Amino acid sequence: MKKSVIFLSILISVLSAQFDSDPRMIGLSGAYTTVAKGYQSIGINPANLASNNALSMNLLSINAFVVNDFMSVELYNDINGANFEDPTNASYYPKGDVLDQVNENQIVIEGGWVTPIPALNFVYKGFGVSMINKSYVRFNIPKDVLTMMFYGNTTERLIFEFGGEGISANELGLTYAHTFMIGPQPLQLGATFKYLQGLLYLKAEDVQDEGSYFETDDDSFSGSGKYLVRQAFGGAGTATDVGILLPNLLNGWNIGLSLINLGGSISWGAENFTRNII
């Protein structure tokens, strides 16, 4: 029975589709501040560790996501098997209706992941250690890429303003929580002190408005691409999480509050361990 419960917990975690949340947090619609227990208190409400009396450890997990602001399930179903050329065909779908789905002349694709370092995220009683990699990427694809796919080379100037951004950083945290008594009422306070280890930052953008283009006329092709790429390797910063919990304050109700990543920032130009070894 115990093995079955463990397997079920792992399976639910793998199938969880919401980014940076565990299944229990999703089931509670994010109302997790007073409920998180064990190592899951870190990053949610460190004060909850004050009532922890055991060892809790994350052996292996990863949360990831990929989203876009163009292709939805509804649009996919509409264009799957559609005829874009013959208006008399029963499955005809106008090309212009597809292009109208693009917001602000570009398609944005975003992705990311949160990966706790295996076996290095644990708590024992009121103390906790966490080491997490957080990474994020974003790509901007110009609308005119689709225009060229649908209509080929036209006499209109096609604007190709590609862009993107990516960042990866490790978050190393030390957490402590303690219970104070105010008369008969326990008051739990906790804090996590984080060192932010910047690994990589990249950003690409068009340096001139409509400066990257492709154009076709009767006897020639012309085009231009003007992009600026910024990059940084190795950065350092700090952040702090603080939390408070009043257990059983009103007829069994727990009241809690937490502030996450206070003062969080990474300086990519500073001398730090990561930059020195690179």
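Structure: see above.
Residues numbered from 1 in each chain as written. Predicted model: local features only at pLDDT ≥ 70, side-chain atom pairs only at ≥ 80, totals over all residues. Heavy atoms only, no water.

Caption draft 1: Looking closely at the pattern of salt bridges. Counted under the stated rule, the structure contains 7 salt bridges. Residue Glu171 pairs with Lys134 through a salt bridge whose shortest N-O separation is 3.5 Å. Taken together, the positions of Glu171 in strand β7 (residues 163–182) and Lys134 in strand β5 (residues 127–142) put the pair 37 residues apart, joining distant regions of the chain. Judged by relative accessible area, Glu171 falls into the buried class, the value being 9%. You can call Lys134 partly exposed: its relative accessible area is 32%. Salt bridges sharing common partners tie together Lys134, Glu171, Lys194 and Asp241. (Salt bridge = Lys/Arg side-chain N within 4 Å of Asp/Glu carboxyl O. Helix = DSSP H or I, 4+ residues; strand = E, 2+ residues; numbered from the N terminus. Buried < 20%, exposed > 50% of the residue type's maximum accessible area, 1.4 Å probe, protein only.)

Caption draft 2: Examining unusual backbone geometry more closely. If you check the backbone angles, Lys125 has positive phi at about 55 degrees while not being a glycine. When you line up the elements, Lys125 lands in the loop between β4 (121–124) and β5. Of note in this structure, Asn261 is not a glycine but carries a positive phi near 60 degrees.

Caption draft 3: Representation of a nonpolar patch on the surface within the structure. A contiguous nonpolar surface patch, about 570 Å² in accessible area, is contributed by Leu55, Met57, Leu59, Leu60 and Tyr124. Note that Leu55 resides in strand β1 (residues 55–58). (Patch = residues over 30% accessible without salt bridge, like charges linked within 9 Å, V, L, I, M, F, W, Y side chains within 5 Å. Areas by Shrake-Rupley, 256 points an atom, 1.4 Å probe, with all protein chains shown as cover.)

Caption draft 4: Main features of helix α5 (residues 144–151). Considered for burial, the residues of α5 that qualify are Asp144, Leu146 and Thr147. Looking straight down α5, one finds its buried side chains confined to an arc of 150 degrees; they lie on one side. If you follow the buried residues of α5, they end up packed against α4 (95–99), β3 (106–116), β5 and β6 (158–159). (Arc of directions from axis to C-beta. Contact = heavy atoms within 4.5 Å.)

Caption draft 5: Quick look at the side chain of Ser168. As for its position among the elements, Ser168 is in strand β7. Look at Ser168 and you get buried, because its relative accessible area is 15%. Looking at Ser168, its side chain comes within polar contact range of the side chain of Asn133, at 3.4 Å. Setting aside residues no more than four positions away along its own chain, Ser168 makes contact with Asn133, Lys134, Ser135, Gly198, Leu199, Leu200 and Trp268. (Polar contact = N/O pair within 3.5 Å; in protein donor to acceptor, adjacent residues only side chain to side chain.)

Caption draft 6: View of the sheet that holds strand β10 (residues 221–224). With antiparallel pairing, the 3 strands of this open sheet are ordered in space as β6-β9-β10. A strand with exactly one partner marks an edge of an open sheet, and here the two such strands are β6 and β10. As paired elements, strand β9 (residues 213–216) and β10 share 4 bridges and run antiparallel to each other. The partner of Phe214 across the bridge, within β10, is Gly223. (Pairing = 2+ DSSP bridges.)

Caption draft 7: Expanded view of the environment of Asn103. If you trace the backbone, Asn103 turns up in the loop between α4 and β3. The exposure class of Asn103 is partly exposed, given its relative accessible area of 40%. Between the alpha carbons of Asn103 and Phe70 there is a distance of 7.4 Å; along the sequence they are 33 residues apart. There is a polar contact of 3.3 Å between the side chain of Asn103 and the backbone oxygen of Asp69.

Caption draft 8: Structural detail: the environment of Arg138. The topology assignment puts Arg138 in strand β5. If sequence neighbours within four positions are ignored, Arg138 has contacts with Val108, Ile109, Glu110, Gly163, Gly164 and Glu165. Among the polar contacts made by the side chain of Arg138, one reaches the side chain of Asn140 at a distance of 3.1 Å.

Caption draft 9: Main features of the nonpolar core. With 10 residues, the main nonpolar core is built from Phe70, Leu75, Ile79, Ala82, Tyr93, Val98, Leu99, Val102, Ile107 and Leu146. Those elements giving two or more residues to this core turn out to be α3 (73–79) and α4. Residues in contact with Leu75, not counting those within four places in the same chain, are Phe70, Tyr93 and Gln101. In terms of nonpolar packing, the next biggest core, distinct from the first, is built from 5 residues, Ile42, Leu49, Val123 and Ala177 among them. (Core = buried A, V, L, I, M, F, W, Y, C linked by side-chain atoms within 4.5 Å.)

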